[in-house]
Amino acid sequence: MNEVTVIIIDAAIKAAVMALVLLTGFAYMTYAERKVIAGIQVRRGPNRIGPLGLLQPAADGVKLFLKEDMMPTGADKLMFNLAPIITSIPALVIMAVIPVAPDWIVNGYTVRFVVADLNVGVLYLLAIGSIAVYGIVLAGWASDSKYSMMGGLRSTAQVISYELAFGLSMVGPMLLAQSMSLRDIVHAQEARGIWFMFLQPIGFLLFFITGLAELNRAPFDMPEAEQELTAGYFTEYSSMRFGMFFMAEYIKMIAVSGMVVTLYMGGYLGPFVNQFPPLGIAYFSAKVFFLLFTMIWIRGTLPRLRYDQLMSFGWKFALPVAMLNVLATAIVLVYVM
Amino acid sequence: MVAPSKPITQDLTERFPGAVSKDTRPGYEGYIVSANKLTEVATAIRDEYGYEYLASVTGVDYIADGKLEVVYHASKMSGGASLNFKVQAPRDGEPEIPSLVGVWQGADFQEREVYDLYGLRFSGHPDLRRILMWEEFEGWPMRKDWKEVYYEQDAKPFKTRWPEGSVYRIEEKNRFNKNVRYPKGFDPRSFKSDGDEKLYALMRGEHLPEHQRINTDEIIVNMGPQHPSTHGVFRVVVKLDGESVVDLKPVMGYLHRNHEKIGERNTWLMNMPYTDRLDYLSGMGNNHGYALAVEKLIGSKVPERAEYLRVLMVELNRIANHLWAIGFLINDLGAFQTPMLYLAKQRELILDIFEATAGSRMMCNYMRFGGVVRDLPSRIRDEDTLDFITDLVAERLPAALDEIETLLTFNEIIRTRSIGVGVLPAKQAINGSAAGPLLRASGVPYDLRRADPYSIYDRLDFKVCTRPNGDVYDRYLVRIDEMRESIKILKQVLRDMPASGAIMDGESKYTHKVPNGESYGRVENPKGELGYYVVSNGAPNPYRYHVRAPSFINLTMLGDLCKGHKVADIVVILGSIDIVLGEVDR
Amino acid sequence: MFTEIIKGLGTTIKHMFEEPITIQYPEERKPVAKRFKGRHELKRYDNGLEKCIGCALCAAACPADAIFVQASENTDEQRFSPGERHASVYEINMLRCIFCGYCEDACPTQAIVLEHDYELAFFDRQSAIYTKKELLVPVPDGGKPTPQQVAPGSFNWSIPPMQDAE
């Protein structure tokens, strides 16, 4: 087989595996969320469907497929249908540049555990993350309803505002590793022997918190709070279109966790990972699970911020602190190292 | 409003000769004021005599005399019994009396209710529309000559049940459309309701001059009646400018069950389980208020042990209600039901005590005229009763409250969301007839258990909890303080309760001989002052039965509290007022 | 500011390690209190005679008009209950009943009692009207089913000194 075919087959297999893992991960994220929140609230979660309730996501999926598919009469058909697609696709695609294990040389063939090893990985992450905003705006506007429009506008404003601090928090590890490629960032953490989260604690916290705000998760989930004007931008969506929004949110959660782990928590690093590279997948997964658990834990504990407080937190606190962090890192690197 | 330096002691009849006379009907008290001088007399009562707080406005239909009467009860903030004055108007034609909204703002919703149910207009009322019935409703439901659709007889027990006891179903004899009245020219096929147009036109300001009307940047939005956070079927019409609330009007009546008219059909004792269902979270308190009102007329003396049992149940109910109210408030703030479930765990134990004593967890039907129906059981959930209650009161509840304080009271997010939101100044609270924690969080130390003591509260040692600021955070803190005070009261009750004794004054019976007269019995329910105004004419059924519902009257303030805040705050403010729709709509 | 939030997070995570308090209904059921007001039952005496004498005091006391009683004569050949009368038709409309317990308090023979059954669901309104068939308890051991044929003059009093069924 010639080179090109090998590359194409290689990429196709990895992309398929990644997509499959993400979709299964999304399904069991919903299950894990319900179980963890139930544990916090001293009750059991779903435990009727399948042993320990493990088939609950399958039941939810079947339910969503079988629901009646409604579209408001005044809605713009094309935009209404396009909006969930525009939201879901970037979510799936973000994980393409994140390395989950070191290279593995088996029978003379190098297996690279990353779908696309770009040397501008960080820029790619920022760019794809920004496309998802269009889906929200279109969903809110195309629903032809006052509530959805208001919810869509609020959500969009929130995501755009927090993207600034989100992006600036990514600059710290970039400076420390002196490269934009995610693999180099992980190697840099390996070389220094310490995860960046200890070198850049403020950056780490800020990245995590602004990540929560990007995802519209608690405590920043005002736009989709039921207690407000119903569910915000996806009020008018039902059945599988709603399912796609739902899916996009959870997959983005996994993707953001993946980003945090790669940039700050050492990616796939752990004991014996270079001798037996598939262990890297296990370490990476464990760290991502820990972060997902923390996100669910925060959701179950904290009340939500009001919208104007959320915006002022993003502009008046997160952004200046992120800029100061970058400045301080730069100064330290130039003068000290 | 001028606070008097020393309220004058001249009797009202001397101050306004010719306009005010004493009510001399047997069993009645108070004054009768003539309609044309009403505003003047009311202003004097408020300013010179010092009755700053309007407790209740009630309408009564005296069909035999051809009169409609409106009964006002006013109280002083320093405590004491309430002052009772009445106005009468002829039943026929289009009766009209001056409105007292300019004197006491709290008369607003209550006057609309009297208009809605009796057809008595109030001139000068800023917004006289129906409140509990829908706009195009035809007829005045509470008048004595208005019959409901499946009307059988004027009073229970109905002859078809007892003593003849013959079986037939009234639906077969009295078909649906015998008593329904429609407006003239009504055609159900072509009818289009525009009942809300009046409301929306009011909101858009179409009654205002051109330059003050709504400009097109503002939208009018309905929250409810199907809404996850409005504590029931309750609707709020909001005028929004972007995110800020410009104006807000509550619309209620979706749960109206004609409780007061049913109350006139029931016998005196049959009404007791119906009072359970008013504020269904504090059933014991509702029973207590009704029992007090009727016991005043009958003149029964409640035995010691029964009084202690009553206070035990009422204070446990106060804790249960506040636990639920705080849980829902935090749920409205977005904490995803976690604190609510922690508090519900403790509430379940209180409900177990109710279940073991009275037989059911919420609608207990526990009190009777002259005492309570059953004594405490010997065991609750396999533990000795007094041990169970003592353990709950002395150990579990304080521990749960401490945990909630750690989790919530100093939480930065809750503080940012609730401090400074929905501030109610003290003067406006008094003038608007706010009651309960809403009033006390604005710094007014008015608690009926201290101001006008009933039962054995004058022997118990507890504080009246107030907070200075009157925002949502203070209302939350006042409820936590009140729970701690209730725990203190419960400890005293458990210590001082006589070990045995009668629990009922006299024999238990089903028909009571209640002498002629009127009475206003009130208790400090967890939500505010719950008052029952009953009028008896010697029959086995009440002649008039009215409930002064605290949630209903507290809602008068909702519009003013929300102006200037964001949409997200409406739900929080509503949660802090703590309404229960069973009481608001009756 | 963050310390309070961390303390709050600590409180919630502590609860994760507690035993959940959920009861797996309908496999497990929480036992109700002894005085719990559930579905009504018409009781019998030890010897099988019904306690209900058809006086309809329960129907008079009921605030919701849920009870219909029609009384008929007892003869010694066809005796349902001690005394002169028994209830030939006894219906409770469970959709109207508010479970207040007044019927239980008003009954002079303690015939109608609210027992512990709370699982009452119906598919149509007609089946919500419980007649004697659903309300009467089964005949206790040692008793005979009603109607009974008795020696004349043995059960003339409505509230006789007889043994209760339990």
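About the criteria used
Residues numbered from 1 in each chain as written. Chains lettered and ligands numbered in written order. Predicted model: local features only at pLDDT ≥ 70, side-chain atom pairs only at ≥ 80, totals over all residues. Heavy atoms only, no water. pLDDT = per-residue confidence, 0-100. Helix = DSSP H or I, 4+ residues; strand = E, 2+ residues; numbered from the N terminus. Salt bridge = Lys/Arg side-chain N within 4 Å of Asp/Glu carboxyl O. Buried < 20%, exposed > 50% of the residue type's maximum accessible area, 1.4 Å probe, protein only. Polar contact = N/O pair within 3.5 Å; in protein donor to acceptor, adjacent residues only side chain to side chain. Contact = heavy atoms within 4.5 Å. Axes fitted to C-alpha atoms, helices over the stretch in contact; angles between N-to-C directions. Parallel < 35°, antiparallel > 145°, perpendicular 65-115°, else oblique. Nonpolar A, V, L, I, M, F, W, Y, C, P; charged D, E, K, R; others polar. Pairing = 2+ DSSP bridges. Buried area = accessible area lost by both parts, 1.4 Å probe. Expected span 1.5 Å × (residues − 1).

**Q** Mind showing me how you'd approach the confidence of the model for chain A here?
**A** A low pLDDT score tells you not to read the predicted coordinates there in detail. Here chain A averages 85 in pLDDT, while 96% of its residues score no lower than 70. Least confident of the elements in chain A is strand 2 (residues 109–111) of chain A, whose mean pLDDT is 78; most confident is helix 9 (residues 201–214) of chain A, at 90.

**Q** I'm lost on the pattern of salt bridges in this one. Help?
**A** Pairs may arise between side chains of opposite charge once their charged atoms sit close together. Residue and element names in this part refer to chain B. This model, assessed by the stated rule, comprises 61 salt bridges over all chains. Salt-bridge contacts for Arg440 lead to Glu524; the nearest nitrogen and oxygen are separated by 2.9 Å. Highlighted residues: Arg440 in helix 14 (residues 437–440) and Glu524 in strand 15 (residues 517–525), separated in sequence by 84 residues. Of the two residues, Arg440 and Glu524, neither departs from the other in class, the shared state being buried. For Asp578, the salt bridge identified is with Lys527, shortest N-O distance 4.0 Å. On the criterion of sequence distance, the pair formed by Asp578 in the loop between helix 19 (567–577) and helix 20 (581–585) and Lys527 in the loop between strand 15 and strand 16 (528–536) is long-range, its members being 51 residues apart.

**Q** When you look at the side chain of Arg368 of chain B in this model, what are you seeing that I'm missing?
**A** Within the secondary structure, Arg368 of chain B is located in strand 11 (residues 367–368). In terms of polar contacts, Arg368 of chain B uses its side chain to reach the side chain of Asp105 of chain C, at 3.3 Å. Residues contacting Arg368 of chain B, with those up to four places away along its chain left out, are Leu269, Met272, Ala291, Glu295, Arg310, Val373 and Met504 of chain B together with Tyr102 and Asp105 of chain C.

**Q** Please clarify how the packing of helix 1 (residues 3–40) of chain A against helix 1 (residues 2–16) of chain C should be interpreted in this entry.
**A** The packing of two helices is summarised by the inter-axis angle and the distance between the axes. It is the contact of helix 1 of chain A with helix 1 of chain C, at a shortest axis distance of 6 Å, that shows an interaxial angle of 100°. With respect to helix 1 of chain C, the axis of helix 1 of chain A lies roughly perpendicular. On the side of helix 1 of chain A, the interface is formed by Val36, Gly39 and Ile40 of chain A, while helix 1 of chain C contributes Thr12, His15 and Met16 of chain C. Per-class residue counts for the contact of helix 1 of chain A with helix 1 of chain C are three nonpolar, three polar and no charged.

**Q** Is there a simple way to explain the side chain of Thr409 of chain B in this structure?
**A** Residue and element names in this part refer to chain B. Along the polypeptide, Thr409 turns up in helix 11 (residues 385–409). Among the polar contacts listed, one links the side chain of Thr409 to the side chain of Tyr476, at a separation of 3.1 Å. Excluding its chain neighbours within four sequence positions, the residues that come into contact with Thr409 are Ile404, Arg415, Tyr473, Tyr476, Leu477 and Ile480.

**Q** How do you make sense of the sheet that holds strand 8 (residues 219–223) of chain B when you look at a structure like this?
**A** Residues and elements named next belong to chain B. On the basis of which strands lie adjacent, the open sheet formed by three strands has the order 8-9-10 and antiparallel pairing. Where the open sheet ends on each side, the last strands, each with one partner, are strand 8 and strand 10 (244–251). The sheet shows a mean angle of 25° between the axes of neighbouring strands, direction not considered. Strand direction decides the pairing type here: strand 8 and strand 9 (residues 235–241), joined by five bridges, are antiparallel.

**Q** Is there a simple way to think about the interface of chain C and chain A in this case?
**A** How big an interface is tends to be stated in terms of the accessible area lost upon association of its parts. Opposite the 18 residues of chain C that make contact, chain A presents 14 residues. Our enumeration of links across chain C and chain A arrives at one salt bridge. Salt-bridge contacts for Glu27 of chain C lead to Arg48 of chain A; the nearest nitrogen and oxygen are separated by 3.0 Å. Our enumeration of links across chain C and chain A arrives at eight residue pairs in polar contact (both at pLDDT 80 or more). Classifying every residue of the side of chain C that touches chain A gives nine nonpolar, six polar and three charged.

**Q** I tried to follow the interface of chain B and chain C on my own but got confused; where do I start?
**A** Chain B puts 46 residues into the contact, and the matching count from chain C is 40 residues. Summing the contributions of chain B and of chain C, the shared interface buries around 3,500 Å²; its carbon and sulfur component is 54%. In this structure, the connection of chain B to chain C is made through four salt bridges. If you look at where chain B meets chain C, you find 16 residue pairs in polar contact (both at pLDDT 80 or more). Only helix 7 (271–276), helix 10 (338–358), helix 11 and helix 12 (412–418) of chain B provide two or more residues apiece to the side of chain B that touches chain C. Top element by residues in the side of chain B that touches chain C is helix 10 of chain B. It accounts for eight residues. Its residues assigned to classes, the side of chain B that touches chain C shows 21 nonpolar, ten polar and 15 charged.

**Q** Honestly, unusual backbone geometry in this entry has me stumped. Any pointers?
**A** Glycine aside, the phi torsion of most residues is negative, and most peptide linkages are trans. The residue after Tyr25 of chain C, namely Pro26 of chain C, is reached through a cis peptide bond having omega 5°. Along the chain, Pro26 of chain C turns up in the loop between helix 1 and strand 1 (40–42). Look at Asn258 of chain B: it is not a glycine, yet its phi comes out positive at around 60°. Within the secondary structure layout, Asn258 of chain B lies in the loop between strand 10 and helix 6 (259–265).

**Q** Help me out: how do you make sense of the sheet that holds strand 15 of chain B in this one?
**A** The strands that make up a sheet are held in pairs by hydrogen bonds between backbone atoms, and each pair lies either parallel or antiparallel. Residues and elements named next belong to chain B. The sheet built from three strands is open, its strands ordered 15-16-17 with antiparallel pairing. Taken across any chain shown, the strands that pair with only one partner, and hence form the sheet edges, are strand 15 and strand 17 (544–548). Neighbour-to-neighbour, the strand axes of the sheet open up by a mean angle of 10°, direction not taken into account. Where strand 15 lies against strand 16, nine bridges are found, and the strand directions are antiparallel. From the neighbouring strand, Gly517 faces strand 16, where its bridge partner is Ser536. Its contacts with the sheet place helix 8 (residues 283–298) against strand 15, strand 16 and strand 17, and it is angled at close to 150° to strand 15.

**Q** How do you make sense of helix 9 of chain A when you look at a structure like this?
**A** For the α-helix, the turn length of 3.6 residues means that residues three or four positions removed from each other point alike. A rise of 1.5 Å per residue sets the reference length of helix 9 of chain A, with its 14 residues, at 20 Å; its end C-alpha atoms lie 20 Å apart and thus fit the reference within 8%. For helix 9 of chain A, every residue scored as buried is listed here: Gly203, Phe204, Leu206, Phe207, Phe208, Ile209, Thr210, Gly211, Leu212, Ala213 and Glu214 of chain A. Looking at the buried residues of helix 9 of chain A, the elements they touch are helix 5 (146–169), helix 8 (196–199), helix 10 (239–264), helix 11 (278–301) and helix 12 (307–335) of chain A together with helix 1 of chain C. Of the residues one or two after helix 9 of chain A, Asn216 of chain A is the one with positive phi, at around 60°.

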